[in-house]
Amino acid sequence: MSSNKGSALLIVAHGSTVNPDSSAPTLAHAAEIRRRKIFAGVECAFWKEEPSLRDAIFLFDPESLREVYVVPNFISEGYFTQTVIPRELELNGRITKRPNGQIWNYCEPVGSHLMMTELLLKRAHDVAPDVVPAEASLLIVAHGTDLNENSAVAAKREAEKIRAFGKYAAVLNVYMEEPPLVSDWRKLTESPNVVVVPFFISDGLHSYEDIPILLGIAGAAGVDRGRPGSPPPATAHGEIFRQNPYAIDGRKLFYAPSIGTDPGFADIIVEQANAAGKT
Amino acid sequence: MRDLIEEIFNGLPVPFSFGQILVRRRECAGFVLLHRDDASLDLLETYRDAEGAIGIAKYDDAGNYRPLKTAPNLRHGWRLELAAVEELRRALDYFYPGRLAVFAAWKSGYLKTTALRETLDRQSGMYRVAAKISDPQINDLVTDFCRSDTGCLRTILWKRDRNRVIASTKLPNEKFDPVYDQGTASGPPGSATPATAAAAATVPLLCQEACNLLVAECRKVVKDEDV
Ligand code: SF4
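Residues numbered from 1 in each chain as written. Chains lettered and ligands numbered in written order. Predicted model: local features only at pLDDT ≥ 70, side-chain atom pairs only at ≥ 80, totals over all residues. Heavy atoms only, no water.

## Re the sheet that holds strand β4 (residues 45-47) of chain B
Residues and elements named next belong to chain B. For the record, the criterion: Each pair of strands is called paired provided DSSP finds at least two bridges between the two strands. Helix numbering and strand numbering both begin at the N terminus, where a helix is a DSSP run of H or I of at least 4 residues and a strand a DSSP run of E of at least 2. All axes here are fitted lines through C-alpha atoms, helices being fitted over the stretch that makes contact, and every angle between N-to-C directions spans 0 to 180 degrees.
Strand order in the open sheet formed by six strands is β4-β5-β3-β2-β1-β7, with mixed pairing between adjacent strands. The open sheet has two edge strands with one neighbour each: β4 and β7 (201-203). Adjacent strand axes in the sheet meet at a mean angle of 25°, parallel and antiparallel pairs treated alike.

What follows is the structure, given as structure tokens:
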């Protein structure tokens, strides 16, 4: 970036009309970056929440803010980063000059940054600090069969990179809806410890409920749904992450919150803006 | 550096209303924010930082998630005390994300509005089909979905199409008038809910383009017809 004085940052995320936790990490990363005073303005915009992507066009005063860096808070390139965001923000390519002279720089999504590998390793260590990696399998979980996203490809890439370090006994990319299936973790891994990190931008139904059910830990955490008169599932409040490790078939399973909730995401967002500024 | 939103604050008499929020000046310094309906109650849970607004705005009185922050269902029973104008601005932006900036753009004359048909024609993927909605269906849907008493407190600035047809012929003219305080809109004739008291000044919540929720509703209308 030439100077942060006239530069603003726009973090773009999906958001949700049903999941109250969807935008929380994005708002938290924005607040952290704002605190660091790197940019003259830091705003968020969402596809499914407010401010909308269309609102975002008006969030930055063209007279005082000459440049805007748009960083998609997405795990991978895909339908949203390639079609929806450019269309809604009226971007034409990496650099767009608005009629008012404001320059918008469209950056790479957060999930594509090289630092993501380190962050996944950090998350795996944080959730199982006493586990020796050589005695553990690390599972990176993505959705899979998601027509809109290439998150499965991104998870595979990250798993390959971590595998190359030779630290963990095994490193696998697993999916919710296509093989290798997360529900097959018992067959896919042999080590006494299994560390599972969801490769998602935020926690929600997938990380709170779907993956725990597929892993077979939802019941162990006492969070089975649907029993009449039972309290709301503890998973809804992130309780599922506080009951590690889960002892299953003589093995220990450690389940981490979605990678996107890691405070380290704020650094990567800034890095993606920096990278666009240098090119 | 010029700051449009600060200029707005400087030119505003306090107290003022913003959607369902009343902004008052505190005796010592700073501001206190509360739900307009709670203006005379003392037993309110007190919050003291702008980020408190995120949690307050998230759920309605019944504990349901609020997907549309400008819907007239802000929860009651809280007060938010803020020390400075910078925090006031952040808090109001958590309550009604983006609305201050859009208002500033409107005041400065650079806000662009987009007709609903243009928004619909631009959609791709699962929302592409939404463009098939008919004009009378739009009229009914907007009347129902955007009405200030039960749907949304924004003032509609967009038109139905390029011919600048009004978005809904059944909504009162005030729904399209930024000077009017949507927070005081009363319910349908004969409704028991009294209108909220008007504040001295109000900052309108502007709608320059149909939101994603309305687009999703247009799609639903078309889809429902297909079955
Ligand atoms: S289209 Fe505008 S007025 Fe209607 S519900 Fe959405 S935000 Fe409110």
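## Looking at the confidence of the model for chain B
All names here are of chain B. Note the cut-off: Values of pLDDT, ranging from 0 to 100, describe the predictor's confidence in every residue of the model. Between two residues, a contact is recorded if the distance between any of their heavy atoms is within 4.5 Å.
Taken residue by residue, chain B gives an average pLDDT of 90. The fraction at 70 or more is 92%. Note that residues 188-195 has pLDDT below 50 and, in this model, four contacts with residues that lie over four places away or in other chains. Across the predicted assembly, pTM comes out at 0.92 and ipTM at 0.92.

## Structural notes on the environment of B:F176
Residue and element names in this part refer to chain B. Threshold: Here the term buried applies to any residue with accessible area under 20% of the maximum for its type, exposed to any over 50%, and partly exposed to those in between, with areas from a 1.4 Å probe on protein chains only.
Here F176 lies in the loop between β6 (155-156) and β7. Here F176 falls in the buried class, since its relative accessible area comes to 18%. Separated by 125 residues in sequence, F176 and E51 have C-alpha atoms that sit 31 Å apart.

## With respect to the interface of chain B and chain A
The test is simple: The quantity reported as buried area is the accessible area (1.4 Å probe) lost by two parts once they are put together, taken as the sum for both. The term salt bridge refers to a pairing of a side-chain nitrogen on Lys or Arg with a carboxyl oxygen on Asp or Glu at a separation within 4 Å. Any pair of N or O atoms that falls within 3.5 Å is considered a polar contact. Within protein, one atom must be able to donate a hydrogen and the other to accept it, and sequence-neighbouring residues count only if both atoms are side-chain atoms. Three classes are used: nonpolar for Ala, Val, Leu, Ile, Met, Phe, Trp, Tyr, Cys and Pro, charged for Asp, Glu, Lys and Arg, and polar for all others, with Gly counted as polar.
With 34 residues of chain B at the interface, the matching set in chain A holds 31 residues. Between chain B and chain A, a total of about 2,600 Å² is buried, with carbon and sulfur atoms accounting for 48% of that surface. Our enumeration of links across chain B and chain A arrives at six salt bridges. For B:R122, the salt bridge identified is with A:E88, shortest N-O distance 2.9 Å. The tally of links from chain B across to chain A stands at 16 residue pairs in polar contact (both at pLDDT 80 or more). Looking at the side of chain B that touches chain A, the elements that each hand over two or more residues are α2 (52-58), α3 (85-95), α4 (99-108) and α7 (212-226) of chain B. Among the residues forming the side of chain B that touches chain A, the class breakdown is 16 nonpolar, eight polar and ten charged.

## Considerations on the pattern of salt bridges
Residue and element names in this part refer to chain B. This structure, assessed with the given rule, holds 34 salt bridges over all chains. For D140, the salt bridge identified is with K170, shortest N-O distance 2.4 Å. Residue D140 is found in helix α6 (residues 135-146), and its partner K170 is found in the loop between β6 and β7; the two are separated by 30 residues along the sequence. A relative accessible area of 52% means that K170 is categorised as exposed.

## Overview of the state of the cysteines
This is how the line gets drawn: Put simply, a disulfide is two cysteine sulfurs that come within 2.5 Å.
Enumeration over the complete set of coordinates arrives at zero disulfides over all chains. Left without a disulfide partner, A:C107 is nearest to the cysteine sulfur of A:C44, which lies 14 Å away. There is no disulfide at B:C218, and the cysteine sulfur nearest it, in B:C146, is 8.9 Å away. The class for B:C218 is buried, based on a relative accessible area of 1%.

## Regarding the environment of B:E6
Residue and element names in this part refer to chain B. Relative to the elements of secondary structure, E6 occurs in helix α1 (residues 4-10). Spatially, the C-alpha atom of E6 lies 30 Å from that of R147, the residues being 141 residues apart in sequence. Ignoring sequence-local partners within four residues, the contact set of E6 consists of V85 and R89.

## A look at the pairing of strand β1 (residues 7-13) of chain A
Residue and element names in this part refer to chain A. Test applied: Assignment of crossover handedness uses the view with strands pointing away from the viewer, where a clockwise path from the first strand over the helix to the second indicates a right-handed crossover.
Of all seven residues in β1, seven are buried, a share of seventy percent or more. The side-chain alternation of β1 yields two buried faces, one formed by S7, L9, I11 and A13 and the other by A8, L10 and V12. Sheet topology note: the β1/strand β3 (residues 67-72) ladder contains six bridges and is parallel. Paired with L9 across the bridge in β3 is Y69. Pairing between β1 and strand β2 (residues 41-46): six bridges, direction parallel. The residue of β2 that forms the bridge with A8 is G41. Handedness of the crossover joining β1 and β2 through helix α1 (residues 24-35) is recorded here as right-handed.

## Details of the site of the ligand
As a reminder of what qualifies: Being near a molecule or strand, for a residue, means having at least one of its heavy atoms within 4 Å of it.
Residues in close proximity to the ligand include B:L68, B:F145, B:C146, B:C152, B:R154, B:I156, B:W158, B:C207, B:A210, B:C211 and B:L214, which together make up its full environment. Each residue belonging to the shell around the ligand can be placed in one class, and the counts come to ten nonpolar, no polar and one charged.

## Overview of the sheet that holds β2(A)
All names here are of chain A. Read across the open sheet, the five strands follow the order β2-β1-β3-β5-β4; overall the sheet is mixed. Every other strand in the sheet has two partners, leaving β2 and β4 (95-97) as the edge strands with one partner each. Across this sheet, the average inter-strand angle for adjacent strands is 20°, counted without regard to direction.

## A look at the domain arrangement of chain A
Residues and elements named next belong to chain A. Applied cut-off: For the domains described, the bounds stem from an automatic or database domain assignment.
For chain A, the assigned domains read domain 1 (7-111 + 263-278) and domain 2 (113-261). Here domain 1 and domain 2 have C-alpha centroids that lie 28 Å from each other. Each side of the interface is counted separately: domain 1 has 23 residues, and domain 2 has 22 residues. Interface area for domain 1 against domain 2, summed over the two sides, is near 1,800 Å², with a carbon-plus-sulfur share of 61%. Area buried by domain 1 at its contact with domain 2 is led by I75, F265 and I268, which between them contribute 29% of it.

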